[in-house]
Amino acid sequence: MGRRWLVLCLAVVAQMASLSALFGVAFVLPELRQTYGITITQAGTLAGLPSLGLLLTLLGWGVVIDRYGERFTMTASLALTALLLALFPTVEGPVGVGSLLFLVGAAGGPVNAAGGRLVMGWFAVRERGLAMGLRQTAQPLGMGLSAALMPILAHHHGFAAAMLLPGVLAVAVLPLVVLFAVPPPDSAASGSAGAGRSPATSSPYRHAAIWRVHAVSMLLGVPQFTVVTYALVYLVEQHGWSAPTAGALMAAVQIPGALARMGAGVWSDRAGSRLGPVRVVSGCGAVTLVLLAAASSLSEAAVVLLVVGAVLTMSHNGLTFTAVAETAGMVWAGRAMAAQNSLQAVSSTLTPVLMGVLIDWFDYRAAFVAAAVFGAAAIAVIPRTRRVGARAARQP
């Protein structure tokens, strides 16, 4: 009984380290721009490179998860991530930094999918909303830690020194993964060779439902990564905040963000639906971003709306991630979650670049409105509210 909660905690901490490495650069964009004399669009492009590396390698990592298991995959990923982050002080110029950021994304991708499958195996279907909601708190917690510490490190010691922080986190969690990241003894999703390849189970990708969940996740990634990437630099450039102060606010925002993910998970368990709550959260997030664009010249109102928007746009991840795994069934869950992460990486790669162009050509208001449009589009794509189905219910 207690072992599954230990595994859940480990999955959270490992994902915190991985996500800090993948997306922490967003919290040091002012120092990145100052160090290399680049535009906001160029900085946004660099911030999107870890997601590009993630996109191009995640399906391959999914094969590694299936063949060698979660513990091997997470260990290899965290070790490679720490090694690459240790190289930042040795490179010069935006090309070298961009190359390392790409490689960090390529190395750091599988922790989310592997940890997700691990948790899915340890928890019964009626508890998965809560369990996966708790696991998905890793993103706001990891981003909060990064937002609190990386701007301070960058301000006093430079961009390269700040990028060492995620490496320290990865090294710290590595021995825990080696010791405890094991599947339940009776789980069919053990990650051993051949697991999840039964020819008796038809591919969920023959049906539209799983593709619609993937599409919803991609669309909702646009408002989420718009806020993640540009909130801090927006506060600095538009409202005159210092980078450490803006980072402290974005760190504090992650606490209600984590609570929102847990609450959404409990909500979905009680409602018997993962996607019904997503529809509500998506609509509220889109409305908030439109209001933020309208109030962007009013400092206090804009900051409040930015905080609310940040919480709402990060609240869907646990629900969509659980929905895609349950739609696929445990036999296909590992590959489905890797595919979900790959498609999310499309959003997290392109969003910083495209929104950076909008900000350069127009202003931050245009980016917020565009992000709201994607959030509204997701509502139209969400399948009709479905209760957790028989396929998921048969899983342990």
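Residues numbered from 1 in each chain as written. Predicted model: local features only at pLDDT ≥ 70, side-chain atom pairs only at ≥ 80, totals over all residues. Heavy atoms only, no water.

Caption draft 1: Main features of the packing of aromatic side chains. Tallying each qualifying case throughout the model produces seven aromatic pairs. Between Phe 23 and Phe 225 the ring centres are 5.2 Å apart and the planes differ by 45 degrees, which places this aromatic pair in the tilted class. Here the residue Phe 23 occupies a position in helix H1 (residues 2–23), and Phe 225 occupies one in helix H11 (residues 208–239), the gap between them amounting to 202 residues. Of the two residues, Phe 23 and Phe 225, both sit in the buried class. Measuring from ring centre to ring centre gives 6.4 Å for Tyr 36 and Phe 159, while their planes differ by 80 degrees; the resulting arrangement is edge-to-face. Placement of Tyr 36 in helix H2 (residues 29–36) and of Phe 159 in helix H9 (residues 159–162) is noted, with a sequence separation of 123 residues between them. With a relative accessible area of 3%, Phe 159 lands in the buried category. Pairwise contacts between aromatic rings join Tyr 36, Phe 88 and Phe 159 into one cluster. (Phe/Tyr/Trp six-rings, centres within 6.5 Å; stacked < 30°, edge-to-face > 60°. Helix = DSSP H or I, 4+ residues; strand = E, 2+ residues; numbered from the N terminus. Buried < 20%, exposed > 50% of the residue type's maximum accessible area, 1.4 Å probe, protein only.)

Caption draft 2: A look at helix H17 (residues 364–381). With 18 residues, H17 should cover 26 Å at 1.5 Å per step; its first-to-last C-alpha distance of 26 Å lies within 8% of that length. Tyr 364, Ala 367, Phe 368, Ala 370, Ala 371, Ala 372, Gly 375 and Ala 378 are the residues of H17 that are buried. (Expected span 1.5 Å × (residues − 1).)

Caption draft 3: Region of interest: the packing of helix H4 (residues 70–85) against helix H6 (residues 110–122). It is the contact of H4 with H6, at a shortest axis distance of 9 Å, that shows an interaxial angle of 155 degrees. Looking at the two axes, H4 sits roughly antiparallel to H6. Note that H4 runs across H6; the crossing there is left-handed. Across from Glu 70, Thr 73, Met 74, Ser 77 and Leu 78 in H4, the residues of H6 making contact are Pro 110, Val 111, Ala 114, Gly 115, Arg 117 and Leu 118. (Axes fitted to C-alpha atoms, helices over the stretch in contact; angles between N-to-C directions. Parallel < 35°, antiparallel > 145°, perpendicular 65-115°, else oblique. Left-handed = near helix turned anticlockwise from the far one by under 90°. Contact = heavy atoms within 4.5 Å.)

Caption draft 4: Main features of the environment of Leu 103. Relative to the helices and strands, Leu 103 resides in helix H5 (residues 93–108). Classification of Leu 103 as partly exposed rests on a relative accessible area of 38%. Measuring from C-alpha to C-alpha, the distance between Leu 103 and Leu 80 comes to 9.2 Å, with 23 residues separating the pair along the chain.

Caption draft 5: Broad picture of the nonpolar core. Ala 14, Met 74, Leu 78, Val 119, Val 173, Val 177 and Met 337 are the most contacted members of the largest nonpolar core, which has 49 residues in total. Per-element accounting of this core gives the leading share, eight residues, to H1. Contacts of Val 177, omitting those with residues within four sequence positions, involve Leu 10, Ala 14, Arg 71, Met 74, Thr 75 and Leu 78. Listed in part, the 45 residues of the second largest apolar core include Val 228, Ala 246, Ala 251 and Ala 367. (Core = buried A, V, L, I, M, F, W, Y, C linked by side-chain atoms within 4.5 Å.)

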